[in-house]
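For reference, the chains in residue letters:
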Amino acid sequence: MGKSVNPDLAKARSQATFDPANLTNYLYGGPEKLRRKRYLPAFVFKELCTEMSLTDLCLIFLGLLTHVSDYLGLTLSIENMAAKEYKEEGFKSTDDMSREEAYEESMRRAVYTNKRVLQLNLQDQEEQYYFREIFVPGANPFALHYVMFKDAINTQGTEDQIQKWLPLAETYAVTGTYAQTELGHGTFLRGLETTAEYDVQREEFILNTPTITSSKFWPGALGKTANVAILNAKLITKGRNCGMQSFWVPLRHLETHQPLPGITVGDIGPKFGYHTSDNGFLQLNRVRIPRENMLMRYSKVLQDGTFVPPENDRLVYVPMTQFRFVVIGRSGWTLAKAVTVATRYSAVRRQSEITPGGGEVQILDFQTQQHKLFTQIASAYAMIIAAKAAKDLYDSAFSKMEKGNLEDLPMLHALTSSMKAFNTWEMATGVEQCRMACGGHGYLLASGIPQMYTDMVSACTYEGENTVMCLQAARFLNKCQEAANKGERLPQLTRFLQTSRLNISSSLDQDVDLNDIIAAYEFRAATVISEANARLNAGLAMGKSQSEAWNYASQLLVKAALAFSHWFTVRALIENMRGAGFDNSTETLLLQLAKLYALDGMLRYSGDFRKVG
Ligand SMILES: CCCCCCCCCCCC(=O)SCCNC(=O)CCNC(=O)[C@H](O)C(C)(C)COP(=O)(O)OP(=O)(O)OC[C@H]1O[C@@H](n2cnc3c(N)ncnc32)[C@H](O)[C@@H]1OP(=O)(O)O
Ligand SMILES: Cc1cc2nc3c(=O)[nH]c(=O)nc-3n(C[C@H](O)[C@H](O)[C@H](O)COP(=O)(O)OP(=O)(O)OC[C@H]3O[C@@H](n4cnc5c(N)ncnc54)[C@H](O)[C@@H]3O)c2cc1C
């Protein structure tokens, strides 16, 4: 029986001036990807929520076959077992569970999806994510395993180490985490205190957290789930500190799951959100691991303890840069989910009258409600599309890096750092606006919006605290400004520092020209970046040291990074909307949305735009 749709919602949808399928296909990367995205959860729900008869299974099996031959590995007996195992328990909301129960329920679901992903031989990372997201809507206890743990092996491990360790991770023979942050340091990596001292006699590293502040603190899955960590520690060999390196460190016994000798590990306790993730602490008391456990793709320790430095000591940071891309994309999708809930709600919620005696209207009819929601719909599109544009830049740069050409690394670091800060801050304010747009019902956990906020707002902190990330990007932007001041050649992405001019052709009574919008954002970014550079140089002229002058200019430097990200986002949105090959009605609508996004941004940052005329 088809689901009955609320008549107000049906009416609102019927008024669309475009075919939503065009947009959905575009956002998910085409009809094929979209079908798969829809198919996988439907397949799982069918498996779980209806009596599974063998004929059903055959039909699904055949259905899968017509879709993708790679399901051939699917065997019916496993299907039955998995369905039975889960069906008996069924779905339980974790909203009113204790933290312990919520973790266990999430773990149960995560283990189930891990099994099914292997049985279905789902290789595509996105598809794995779609599959899991349906089941483990909150923080997944395996999140670090899926992303940073495997990425670190792939990007920091030698070919032999990848051959040895990656299959263990792919088949869940081990469950991993990425342990870098300590109680005393999260941002300042050079301040990390955990040591890995090389013992040349036994060709082993002795891992130690010598102080309470050196205890690893925060890593996801460390509290209960993980039995191995990719752990970052200060390498000491032949009496010399060789900086932060990564190590494969067994934490718990693979059979008993008990902490190994010298290991003290546990959960750090309740958090603002992320309730179903067991972020933990770890203390190491002179734990020994073989020399081969250091991830040696870029830097090495030879048997005699000789340290072979990396060609570039920033390559150890690549897993963080990679994961920042995940966060940049996920922020846009989180806002998309929240504004979808709030918009649907606003179509069905009738409250108050516009015309006295005219009857209560859909709250979507209030101009203020439209402003709250449409700006967030535009922001979600902007963030998703800018994330795709940034990822395209990353992929082309990363393939160069893999061939040893590191010239784009500073640009990549600046782009990922500033976009991660910009997108997560925009997402946090946007999701909160959507929650409030739903009145009291938005405050119910059942609305789904509060958890979207409390889980995802941590992305403003993890993977590089946002202010610090802006300052990282500002290092690169300031260097480019200095080069521009000397008339030197700039990287492609910042060449606008030399070329941007404010020759706006639009007059106020005309419909604004999109190229003028890009020019305005470009000019604003160029102006703010040059102002920050001027303040830095003023600090130096006052006799301050480089670092004191940097601190003196830091508020403007943060603004410069955000203005750069805002320009990158507006440009990506407009250029992709124009070039996406939509039919007229869809393209017209999307360019309207892009204008709304850009003009709303000008209003929110009107100080900057007024100042630059
Ligand atoms: C949503 C899904 C949910 C899924 C579930 C998600 C669960 C949550 C997972 C969270 C996981 C984590 O949080 S893992 C932990 C994340 N932690 C972090 O990100 C730590 C952030 N801190 C840092 O990266 C560092 O400490 C810095 C960069 C801030 C400062 O380090 P530093 O050594 O003092 O470096 P600094 O002097 O500033 O700069 C030295 C030079 O290195 C360069 N540099 C610095 N970093 C990088 C880099 N990554 N790549 C390239 N280059 C770099 C700088 O540009 C600079 O170049 P030049 O300018 O001199 O040329
Ligand atoms: C939900 C969650 C999951 C996490 N998961 C992991 C994980 O799996 N693995 C892991 O290793 N870590 C993890 N972390 C830790 C996270 O990476 C750190 O919290 C983050 O790097 C920030 O460091 P910090 O907590 O020390 O904050 P701090 O750096 O102490 O920040 C506190 C304040 O100091 C300011 N500040 C710091 N340095 C500067 C500077 N140079 N200039 C200006 N201002 C500055 C910041 O802007 C901020 O306002 C997680 C954290 C959270 C919240």
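Residues numbered from 1 in each chain as written. Chains lettered and ligands numbered in written order. Predicted model: local features only at pLDDT ≥ 70, side-chain atom pairs only at ≥ 80, totals over all residues. Heavy atoms only, no water.

A. The arrangement of the pattern of salt bridges in detail. Under the criterion given, the structure shown has 24 salt bridges. Here Lys-400 makes a salt bridge to Glu-407, at a shortest N to O gap of 2.8 Å. Assessed through its relative accessible area of 28%, Lys-400 is described here as partly exposed. In this structure, the salt-bridge partner of Asp-608 is Arg-524, at a minimum N-O distance of 3.0 Å. With Asp-608 in helix H21 (residues 606-611) and Arg-524 in helix H17 (residues 514-541), this residue pair connects regions lying 84 residues apart in the sequence. (Salt bridge = Lys/Arg side-chain N within 4 Å of Asp/Glu carboxyl O. Buried < 20%, exposed > 50% of the residue type's maximum accessible area, 1.4 Å probe, protein only. Helix = DSSP H or I, 4+ residues; strand = E, 2+ residues; numbered from the N terminus.)

B. Representation of the site of ligand 2 within the structure. If you check the shell around ligand 2, you find 18 residues, and the closest are Tyr-178, Thr-181, Thr-187, Gly-220 and Glu-465. Separating an oxygen atom of ligand 2 from a side-chain N or O atom of Glu-465 is a distance of 2.6 Å. Considering ligand 2 on its own, with 970 Å² of exposed area, one finds that the protein chains cover 64% of that surface. Sorting elements by how many residues they give to the shell around ligand 2 places helix H15 (residues 466-485) first, with three residues. Its residues placed into classes, the shell around ligand 2 shows seven nonpolar, nine polar and two charged. Lining the shell around ligand 2 are residues from two domains, each supplying at least three of them: domain 2 (175-310) and domain 3 (319-491 + 512-611). (Near = heavy atom within 4 Å. Polar contact = N/O pair within 3.5 Å; in protein donor to acceptor, adjacent residues only side chain to side chain. Areas by Shrake-Rupley, 256 points an atom, 1.4 Å probe, with all protein chains shown as cover. Nonpolar A, V, L, I, M, F, W, Y, C, P; charged D, E, K, R; others polar. Domains from an automatic or database assignment.)

C. Region of interest: the confidence of the model for the chain. Considering every residue of the chain, the mean pLDDT works out to 90; 92% of them sit at 70 or more. Of the regions scoring below 50 in pLDDT, residues 51-83 engages in 55 contacts with residues more than four places distant in sequence or in other chains. Scoring of the predicted complex yields 0.93 for pTM and 0.98 for ipTM. (pLDDT = per-residue confidence, 0-100. Contact = heavy atoms within 4.5 Å.)

D. Seen up close, the packing of helix H12 (residues 409-437) against helix H14 (residues 449-456). H14 packs onto H12 with a crossing angle of 160 degrees between their chain directions and a minimal axis gap of 9 Å. Classified by the angle their axes make, H12 and H14 are roughly antiparallel. With respect to the hand of their crossing, H12 and H14 are arranged in left-handed fashion. Two secondary-structure elements touch here, H12 through Met-427, Ala-428, Val-431, Glu-432, Cys-434 and Arg-435 and H14 through Ile-449, Pro-450, Met-452, Tyr-453 and Met-456. Counted by class, the contact of H12 with H14 contains nine nonpolar, no polar and two charged residues. (Axes fitted to C-alpha atoms, helices over the stretch in contact; angles between N-to-C directions. Parallel < 35°, antiparallel > 145°, perpendicular 65-115°, else oblique. Left-handed = near helix turned anticlockwise from the far one by under 90°.)

E. Spatial organisation of the UniProt feature "domain: Acyl-coenzyme A oxidase N-terminal" (unreviewed entry) in the chain. Under the local residue numbering, the UniProt record ascribes the feature "domain: Acyl-coenzyme A oxidase N-terminal" (unreviewed entry) to residues 95-173. In the segment residues 95-173, helix accounts for 73% and strand for 0%; the C-alpha atoms at its two ends are 31 Å apart. (UniProt positions renumbered as here; feature names shortened; annotations may be inferred.)

F. Structural context of the nonpolar core. If you look at the biggest cluster of nonpolar residues, it comprises 140 residues, and the most contacted ones within it are Trp-248 and Trp-567. Every residue in contact with Trp-567, bar those within four places of it in the chain, is listed here: Leu-493, Phe-496, Ile-518, Tyr-521, Glu-522 and Ala-525. Among the nonpolar cores identified, the runner-up in size contains 26 residues, and Ala-226, Val-249, Leu-282 and Phe-307 belong to it. (Core = buried A, V, L, I, M, F, W, Y, C linked by side-chain atoms within 4.5 Å.)

G. Spotlight on the site of ligand 1. Around ligand 1, the surrounding shell holds 30 residues, and the nearest of these are Thr-187, Arg-324, Gln-472, Arg-475 and Lys-479. Within the side chain of Arg-475, a nitrogen or oxygen atom sits 2.8 Å from an oxygen atom of ligand 1. Alone, ligand 1 offers 1200 Å² of accessible surface; in the complex the protein occludes 86% of this. Listing elements by their share of the shell around ligand 1, those giving two or more residues are helix H8 (143-156), helix H10 (318-348), H12 and H15.

H. Main features of the sheet that holds strand S8 (residues 280-284). Taking strand neighbours across the sheet as the criterion, the three strands line up as S4-S8-S7 in an open arrangement whose pairing is antiparallel. Each edge of the open sheet carries a strand with a single partner, namely strand S4 (216-217) and strand S7 (263-267). Where S7 lies against S8, five bridges are found, and the strand directions are antiparallel. Of the residues in S8, the one forming a bridge with Asp-267 is Gly-280. (Pairing = 2+ DSSP bridges.)

I. Structural view of H10. Between its first and last C-alpha, H10 extends 46 Å over 31 residues, near the 45 Å set by a 1.5 Å rise per residue. Burial analysis of H10 places 23 of its 31 residues in the buried class, the great majority of the element. (Expected span 1.5 Å × (residues − 1).)

J. Main features of the environment of Leu-591. Mapped onto the elements, Leu-591 comes out in helix H20 (residues 584-604). Expressed as a C-alpha distance, the spacing of Leu-591 and Ala-390, which sit 201 residues apart in the sequence, is 20 Å. Among residues more than four places away in sequence, those in contact with Leu-591 are Leu-514, Ile-574, Met-577 and Arg-578.

K. Representation of the pairing of strand S3 (residues 204-208). For S3, the tally of buried residues reaches five of five residues, placing the bulk of the element in the interior. Side chains Glu-204, Ile-206 and Asn-208 project from S3 onto one buried face, and the interleaved Phe-205 and Leu-207 project onto a second face that is buried too. Of the strand pairs in this sheet, strand S2 (residues 195-199) and S3 are connected by five bridges, and their pairing is antiparallel. Bridged to Ala-196 within S3 is Leu-207. Turn length for the S2-S3 hairpin, with the two strands adjacent in sequence and antiparallel, is four residues, and the turn residue Glu-203 shows positive phi of about 50 degrees. When S3 meets strand S9 (residues 287-290), the two strands line up antiparallel, connected through four bridges. Pairing of Phe-205 across the sheet is with Ile-289, part of S9.

L. Layout of the domain arrangement of the chain. Segmentation of the chain into domains returns domain 1 (19-138), domain 2 (175-310) and domain 3 (319-491 + 512-611). Contacts between the two partners involve 11 residues from domain 1, matched on the other side by 18 residues from domain 3. In this assembly, domain 1 packs against domain 3 so that about 1200 Å² is buried in total across both faces, 58% of it on carbon and sulfur atoms. For domain 1, the biggest contributors to the area lost against domain 3 are Leu-23, Tyr-26 and Leu-27; these three give 51% of the whole. (Buried area = accessible area lost by both parts, 1.4 Å probe.)

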